[in-house]
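Observations on the model geometry
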Amino acid sequence: MGGFNQRATAGFLLLHANEIIPTSKLMHALWGYEAPTTSRKMIQNAVSGLRKILEQQLDPAAPVTLTTCAPGYRLTVDEEQLDLFRFHRLVGQGRSRLAAGQRESGLADLRAALALWRGPALADLSEAGVAWPELAALQGVRLSVFEDCVQESLDQGRHHEILGELQQAAAAEPAGERLCGLLMLALYRCGRQHDALAAYQRTRTVLLDFFGLDPGRELRELEHAILNHDVTLTHDAGPRWSRTVPRQPTTPAQAKAEAEAEPVGAGAGSGGGTGVHRCSRLRTTGNLGRRPLRSLRYRGV
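These notes cover the structure that comes with them. Predicted model only: the values in this text are computed from it and were never measured.

Below, the discussion takes up the pattern of salt bridges. For the structure shown, the criterion picks out 13 salt bridges. Between Glu-152 and Arg-103 there is a salt bridge, with its nearest N and O atoms 2.7 Å apart. Placement of Glu-152 in helix H7 (residues 133-155) and of Arg-103 in helix H5 (residues 103-115) is noted, with a sequence separation of 49 residues between them. On the basis of relative accessibility, which here comes to 9%, the residue Glu-152 falls in the buried class. Arg-103 sits in the partly exposed class, given a relative accessible area of 36%. One continuous salt-bridge network, built from bridges that share partners, spans Arg-95, Glu-147, Asp-148 and Arg-178.

Every regular strand shows the same layout, with side chains that alternate between the two sheet faces. Two elements, strand S1 (residues 20-22) and strand S3 (residues 72-76), share three bridges in a ladder whose sense is antiparallel. Looking across to S3, one finds that Ile-21 is bridged to Tyr-73. Inspection of the sheet shows strand S2 (residues 65-69) paired to S3 by five bridges, in the antiparallel sense. For Leu-66, the partnering residue across the bridge sits in S3 and is Leu-75.

Further remarks concern the packing of aromatic side chains. All chains considered together, the criterion is met by two aromatic pairs. Seen from their ring centres, Phe-12 and Trp-132 are 5.1 Å apart, and the 80° between their planes marks the pair as edge-to-face. Pair noted here: Phe-12 is in helix H1 (residues 4-15) and Trp-132 is in the loop between helix H6 (123-127) and H7, with a separation of 120 residues, a long-range link. Judged by its relative accessible area of 3%, Phe-12 falls in the buried class. Relative to Trp-117, the ring of Phe-87 lies with its centre 5.6 Å away and its plane at 80°, an arrangement referred to as edge-to-face. In this pair, Phe-87 is assigned in helix H4 (residues 83-99) and Trp-117 in the loop between H5 and H6, connecting sequence segments 30 residues apart.

Residue position: Gln-139 is located in helix H7. What makes Gln-139 partly exposed here is its relative accessible area of 32%. Measuring from C-alpha to C-alpha, the distance between Gln-139 and Ala-121 comes to 7.9 Å, with 18 residues separating the pair along the chain.

Thresholds, definitions, all that
Residues numbered from 1 in each chain as written. Predicted model: local features only at pLDDT ≥ 70, side-chain atom pairs only at ≥ 80, totals over all residues. Heavy atoms only, no water. Salt bridge = Lys/Arg side-chain N within 4 Å of Asp/Glu carboxyl O. Helix = DSSP H or I, 4+ residues; strand = E, 2+ residues; numbered from the N terminus. Buried < 20%, exposed > 50% of the residue type's maximum accessible area, 1.4 Å probe, protein only. Pairing = 2+ DSSP bridges. Phe/Tyr/Trp six-rings, centres within 6.5 Å; stacked < 30°, edge-to-face > 60°.

Here is the structure:
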């Protein structure tokens, strides 16, 4: 493809594929409010060059046409041949499935949508200084989809799987409060409370230094919950240990004492004990002497 004018014209038309784009809008996209007097002619030359490229690489199975439609131009593309359309379709499909309770397939659709990205959209134009609102909006959609994907992964208990890419994304968007909250929750669930609190402080510093703002209420409440080890932060709100493993006998005397312990809820010699035993007395030293315990029990496995 040719120089900047041709690439920028193609990129802007692709962002608005299958739409009629006025020539004046193309001129503003390329030069802003300082368009040269020959800008309309330069747009015409860029369109002419694009048509020649399309003619040379025309695919009959997926035709792409660039037509003149007053008051400008329209680039007609098969939606399945353009990643932008496929991205939006997968995002809409994934979010609908998540809302319907189809969690695995919904998460897979969001992952497939994100996999279409191989870097920033129109990266060569961005490197040349192009800062179209359409590109910023598209990047915002990408970030929100990533956050939705992370949220669903956390809901499914996959915090270890997504932690690495979540840390990278949070480093690239240090002022993103939702992203910071997701990172804090993932770190906490991975047993890294100190790192979760450090992530909060980084975002708080950026918000304060660059915008003069404190974090929002939700992020502040999350920090407070992490400081207090709030049980609602865990993926499984149940106990961390579902059973207690008894201490194994270490001496023959201990083994004999435990073997002679009276089973609770089963007759002697029945062999069908519940695994719960009672120790009737506890021997101590000193002036306390020897005192009976009403029920000192341990749970067997």
